Amino acid sequence: FTYDVGAEVAVKNIRGGSGDLVIVGTLKGKYTPAGLDIDAELKLKSAWTYTSGDVKAKFKTGKVTLDVKQSKLKSFTYDVASDVEISNITGGSGPLKLKGTLKGKYSPAGLDIDAKLTFVPDWTYTKDDIAVTLKKGNITLDVKQSKLKSFTYDVGAEVAVKNIRGGSGDLVIVGTLKGKY
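The structure presented is a predicted model; accordingly, all values stated were derived computationally and were not measured.

### Overview of unusual backbone geometry
(1) Moving on: The backbone phi angle of glutamine 70 is positive, close to 50 degrees, even though this residue is not glycine.
(2) Moving on: With respect to the helices and strands, the residue glutamine 70 is situated in the loop between β5 (55–69) and β6 (72–86).
(3) Moving on: Although it is not a glycine, glutamine 145 adopts a positive phi angle of roughly 50 degrees.
(4) Moving on: Locating glutamine 145 in the fold gives a position in the loop between β10 (130–144) and β11 (147–161).
(5) Moving on: Look at glutamine 145 and you get partly exposed, because its relative accessible area is 49%.

Here is the structure:
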């Protein structure tokens with residue numbers, strides 16, 4: 001049989017998920033002896049967090065499409081307002097915390113994220129005698145199969161250079177940084 005109904009769906013056992021992903025909306029699909037097929041466009045019922053490695057994304061509001069074949073989750077796509085935290089960046093002053101919009105896809109291969117975000121608190125990256133504090137600004141984030149591939153930035157910054165031979169102290173420069181990691 002086929003169906004087209006309003007529903008509340010709880011997706012269970014998502015590796016790295018903070019619990020069930022609960023979404024509400026319209027389900028279309030069919031049932032056969034091989035299992036249930038679902039094509040759905042849904043909205044998040046409540047916030048949900050996905051963690052993989054050093055990347056944690058909290059989905060707050062937005063929409064999700066769901067693809068289930070023979071009662072197994074194949075993938076879901078999303079376009080949601082989110083908070084993102086990236087931990088263990090060598091030289092970082094702590095987790096890099098951002099907020100904004102995430103678009104992407106989850107499949108058994110991992111989570112893909114295409115994000116446009118802004119910094120939540122200031123964040124400092126230190127390498128040898130140079131410290132760069134990123135302040136107000138924007139960042140884009142590219143995660144493929146749950147691994148950080150790159151991010152671009154256009155942010156206010158303060159750069160401090162220490163131990164300049166003959167200098168009277170730290171050289172501090174304030175301005176805007178644009179670049180890519």
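What follows continues from the structure just given.
### Re the pattern of salt bridges
(1) Moving on: Evaluated as defined, the whole model comprises 8 salt bridges.
(2) Moving on: The partner of lysine 45 in a salt bridge is glutamate 8, and the shortest N-O contact between them spans 2.8 Å. Within this pair, whereas lysine 45 is found in the loop between β3 (35–44) and β4 (48–52), its partner glutamate 8 is found in strand β1 (residues 2–11), the two being separated by 37 residues in sequence.
(3) Moving on: Note that lysine 69 and aspartate 67 form a salt bridge whose closest N and O atoms lie 3.4 Å from each other.
(4) Moving on: By relative accessible area, which is 30% here, lysine 69 ends up partly exposed.
(5) Moving on: Since its relative accessible area comes to 22%, aspartate 67 is described here as partly exposed.

### Thoughts on the confidence of the model for the protein
The predicted coordinates of low-pLDDT regions are not to be read in fine detail.
(1) Moving on: Residues of the protein with pLDDT of at least 70 account for 100%, and the chain-wide mean is 91.
(2) Moving on: Mean pLDDT across the secondary structure elements of the protein bottoms out at strand β8 (residues 110–119), with 88, and peaks at strand β9 (residues 123–127), with 95.

### Structural notes on the layout of surface pockets
(1) Moving on: Put simply, the largest pocket is a space of about 360 Å³.
(2) Moving on: Around the largest pocket sit 15 residues that line it, and Ile89, Trp123, Tyr125, Phe151 and Tyr181 are the ones nearest its centre.
(3) Moving on: When contributions to the lining of the largest pocket are tallied by element, the ones reaching two or more residues are β9, β10 and β11.
(4) Moving on: Tallying contributions element by element places β11 first for the lining of the largest pocket, with 3 residues.
(5) Moving on: Considered class by class, the residues forming the lining of the largest pocket number 11 nonpolar, 3 polar and 1 charged.

Here is what the cut-offs are and how they apply
Residues numbered from 1 in each chain as written. Predicted model: local features only at pLDDT ≥ 70, side-chain atom pairs only at ≥ 80, totals over all residues. Heavy atoms only, no water. Helix = DSSP H or I, 4+ residues; strand = E, 2+ residues; numbered from the N terminus. Buried < 20%, exposed > 50% of the residue type's maximum accessible area, 1.4 Å probe, protein only. Salt bridge = Lys/Arg side-chain N within 4 Å of Asp/Glu carboxyl O. pLDDT = per-residue confidence, 0-100. 1 Å grid on protein atoms, 1.4 Å probe; cavity = no way out; pocket = protein on both sides within 12 Å on 5 of 7 lines; lining within 4 Å. Points joined across faces, edges and corners; volume = space filled by probe spheres on them. Nonpolar A, V, L, I, M, F, W, Y, C, P; charged D, E, K, R; others polar.

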